[in-house]
Amino acid sequence: MSTYSVSNKCLCFLFLFVFMTLGYAQNESKTKPNIIVVITDDQGMGDLGCYGNPYIKTPNIDKFYKDAVRFTNYHVSTTCAPSRGAIMTGRHTNRLNVFHTIAGRSLLLEDEVLLPQIFAQNGYTNGMFGKWHLGDNYPFRPEDRGFHEVVRHGGGGITQGPDFWGNDYFDDTYWHNGQTEKYEGYCTDVFFTEALNFIETNKDKPFFCYIATNAPHGPLNVPEQYINMYKGVKGLEERFQRFYGMITNIDDNFKLLEDKLNALNIADNTILIFTTDNGTAGGNKVFDAGLRGHKGSEYEGGHRVPLFIRWPDGKLTGGNDIDELVAHYDLLPTFVDLLGLDFNPVKPLDGKSLKPLLYHEEGNWPNRVLYMDTQRLQNLVKYRKYSVMDSDWRLVNGNELYNINSDRSQTTNVFNKFPEVVEKLALGYEKWWQSIIDEGADDRFAFIKVGSPNENPSRISSHDLMTGKFNGVWHQHGATRSLQATGRWKIEVVEDGDYKISLCRFPRESGFAINETFPEQKKRVELEQIMPASTKSDFETAYIYLADFEKTAKIEKGQKEVSFTTKISAGKYDMEAQLIDATNKVYPAYYVYIEKL
């Protein structure tokens, strides 16, 4: 046999071996399930047909409910950003600098490890669509925290300060992987469409898709056809027609999502989750599902929400209820356990894997004691609007006790009848709070980094101004109405250098001058809320203080921004940026741009 033929055979065997190895690796990779989390905004347990609401139309989520595993005693935080922070980290939100929705207290600390980072380290491709609400500047954006594909609005809702100027839910401009891009259509439709495109692109490899709708968060702007679905329904005011219309639109998009999974033949190997971020924003006035309270409340209606999970290949189907007490920070450790992800927590988790409950292996599942509170202040405050929960009891604000199994609506306070229960739960709260203090959470801040190649210039809004007097400056309407507030931003300059700092009343994309006046936005039937008129035109001075640089400058007629150039050393600083009117009243510079030259 010739040397040539032997070499040829060896080469053939080598190619065959490589081909089989690659094929095996691809098959092994694809056996990992995909994960899709759909989380809506301000939708409570009573805002679904499957939980008995006689008015709302949610046939597709109701159908999903019938085939999913349902956690009936699942708790989140009482407002938006805190819930998202806990889901992303497996830790209580008070530890994360995410105990408010504005004022620099919705920026998730940089040293926390997030769920998409864990997925990415385990071979997943990650997409995020919709509402992030954990920071709009580097290093807090979703693309900085493990997501590969991102389409999102700014802040905690469309029309808020960090959002693109003039967005109103229709044909808006969003951030696509850090760059602004114009989209056609209604916001929820856009976010689902982009998610479906991501899913199709990544169908042959494991992915994590996080669809976080801003609906039905206000303003209650919604296509007219969805308002019309509820017109004439007795007992439904217009705002609830709009609120329910937004949810029905989500439901229609949920069907499109399921249809896409079936068309791509990946539904069986996809973990599909439906949940919400906090209690209802007012829907309890129509139907409360037997729960007291609403968004922001320490009572059940503020934090007990739906959680439905389906994974056919994982035998998680069939419409089964799980009644044990669980929480949002359990999701991360559950994913790690369920999927065998490589992850060693750097910080202690508050969450616990729910895998034993999902597979009826709970054995001696403990009677856990969990804690939820509503802070919504500039600093953490002990004993503020809190609930201590175990499988039987709710201790609310330290002086109300309810047996949650016999008094789901929390109407009968039995505080004086069970002192031993009160003592146990109160002691648990003390230990829990001390664990937060021991981490230093009451004395930590999240610093927006400027001068980085990852974001230059940085567009910073008064949404993240640290102030005790919020007064609406977190919203675009704060700039339009010239609302007053004073405070400071936490800024980290990452490199020594020359910097240009530009103070604005309106963001650059608006094209407006500081003293611009304009009429209110034209009303359309789809819009519940419109941009108000701008009437103030007497801002005279701009003031900046950053590091050792402090200066004022006169605002000229027609000037859109006042810019200062200076050398700044790397470091962490408090920044003040103000606009001062003819009567010496002080207002924030609602938008500040910082650029390393």
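These remarks concern the structure in this document. (Residues numbered from 1 in each chain as written. Predicted model: local features only at pLDDT ≥ 70, side-chain atom pairs only at ≥ 80, totals over all residues. Heavy atoms only, no water.)

Observations regarding the sheet that holds strand β9 (residues 270-276)
Note: strands within a sheet are paired through backbone hydrogen bonds, in either parallel or antiparallel orientation. To keep things clear, this is the line we draw: Any two strands between which DSSP finds at least two bridges are classified as paired. A run of H or I in DSSP becomes a helix once it reaches four residues, and a run of E becomes a strand once it reaches two; helices and strands are each numbered from the N terminus. The contact criterion used throughout is that any non-hydrogen atoms of two residues lie within 4.5 Å. Between the N-to-C directions of two axes lies an angle of 0 to 180 degrees, each axis being a line fitted to C-alpha atoms and, for a helix, fitted only over the stretch in contact.
The strand order across the open sheet built from 10 strands is β7-β6-β5-β4-β8-β1-β9-β10-β2-β11, with neighbouring strands paired in mixed fashion. Among the strands making up the open sheet, the edge pair consists of β7 (179-182) and β11 (321-322). Bridging between strand β4 (residues 125-130) and strand β8 (residues 207-212) involves six bridges; their strand directions are parallel. Looking across to β8, one finds that asparagine 126 is bridged to phenylalanine 208. The strands that helix α2 (residues 59-67) touches are β2 (69-71), β9 and β10 (307-310); relative to β10, the one it contacts most, it runs at about 65°.

Brief notes about the packing of aromatic side chains
Here is the rule we go by: Stacked, tilted and edge-to-face pairs are distinguished by plane angle, under 30 degrees for stacked and over 60 for edge-to-face with tilted covering the rest, among Phe, Tyr and Trp rings (Trp via its six-membered ring) whose centres lie within 6.5 Å. Accessibility here uses a 1.4 Å probe with only protein chains present; expressed as a share of the type maximum, an area under 20% marks a residue as buried, one over 50% as exposed, and anything in between as partly exposed.
Evaluation of the coordinates by the stated rule reveals 39 aromatic pairs. With 4.8 Å between their ring centres and 40° between their planes, phenylalanine 119 and phenylalanine 208 make a pair best called tilted. Taken together, the residues span a long stretch of sequence, with phenylalanine 119 in helix α4 (residues 115-121) and phenylalanine 208 in strand β8 at a distance of 89 residues. We classify phenylalanine 119 as buried; its relative accessible area is 0%.

Quick look at the pairing of β9
Where a strand is regular, its side chains alternate between the two sheet faces. Counting buried residues along β9, seven of its seven residues qualify, which places the element largely inside the surrounding structure. Burial along β9 is two-sided: the face carrying Thr270, Leu272, Phe274 and Thr276 and the face carrying Ile271, Ile273 and Thr275 are both buried. Where strand β1 (residues 34-40) and β9 come together, seven bridges link them in parallel fashion. Residue isoleucine 39 lies in a different strand from β9, and its bridge partner there is threonine 275. Of the pairings in the sheet, the one linking β9 to β10 comprises four bridges and is antiparallel in character. Note on β10: the bridge partner recorded for leucine 272 is arginine 310.

Describing the packing of helix α5 (residues 187-201) against helix α7 (residues 238-263)
Angle between the axes and distance between the axes are the two parameters that describe a pair of packed helices. Condition: The labels follow the angle: roughly parallel below 35 degrees, roughly antiparallel above 145, roughly perpendicular from 65 to 115, and oblique for the rest. Gly is put with the polar residues, along with every residue not named as nonpolar or charged; the nonpolar set is Ala, Val, Leu, Ile, Met, Phe, Trp, Tyr, Cys and Pro, and the charged set is Asp, Glu, Lys and Arg.
Contact pair α5 / α7: the axes reach a minimum separation of 10 Å and the direction vectors enclose 10°. The angle between α5 and α7 falls in the class roughly parallel. Along the contact surface, α5 presents Thr188, Asp189, Phe192, Leu196, Ile199 and Glu200, while α7 presents Asn249, Ile250, Asn253, Phe254, Leu256, Leu257, Lys260 and Leu261. A per-class count over the contact of α5 with α7 returns eight nonpolar, three polar and three charged.

Overview of unusual backbone geometry
A cis amide bond links glycine 218 to the next residue, proline 219, at an omega of 0°. Note that proline 219 resides in the loop between β8 and α6 (224-228). Across the junction of asparagine 456 and proline 457, the peptide omega takes the value 5°, indicating a cis bond. Relative to the helices and strands, proline 457 resides in the loop between β17 (448-450) and β18 (458-461). In this structure, aspartate 42 is a non-glycine residue whose phi angle is positive, near 75°.

Focus: the nonpolar core
Put simply, the rule is: We call a set of buried Ala, Val, Leu, Ile, Met, Phe, Trp, Tyr and Cys residues a nonpolar core when their side-chain atoms join them within 4.5 Å.
Counting residues in each nonpolar core, the largest one holds 55 residues, and the members touching the most others are Ile36, Ile199, Cys209, Leu257 and Phe308. Elements with a minimum of two residues in this core: β1, α2, α5, β8, α6, α7 and β9. Residue contributions to this core peak at nine residues, all from α7. Those residues in contact with isoleucine 199 that sit more than four places away from it in its chain are Ile36, Phe207, Cys209, Leu257, Leu261, Leu264 and Ile266. One finds Tyr124, Val150, Ile273 and Trp311 within the second-largest nonpolar core, a separate group that totals 47 residues.

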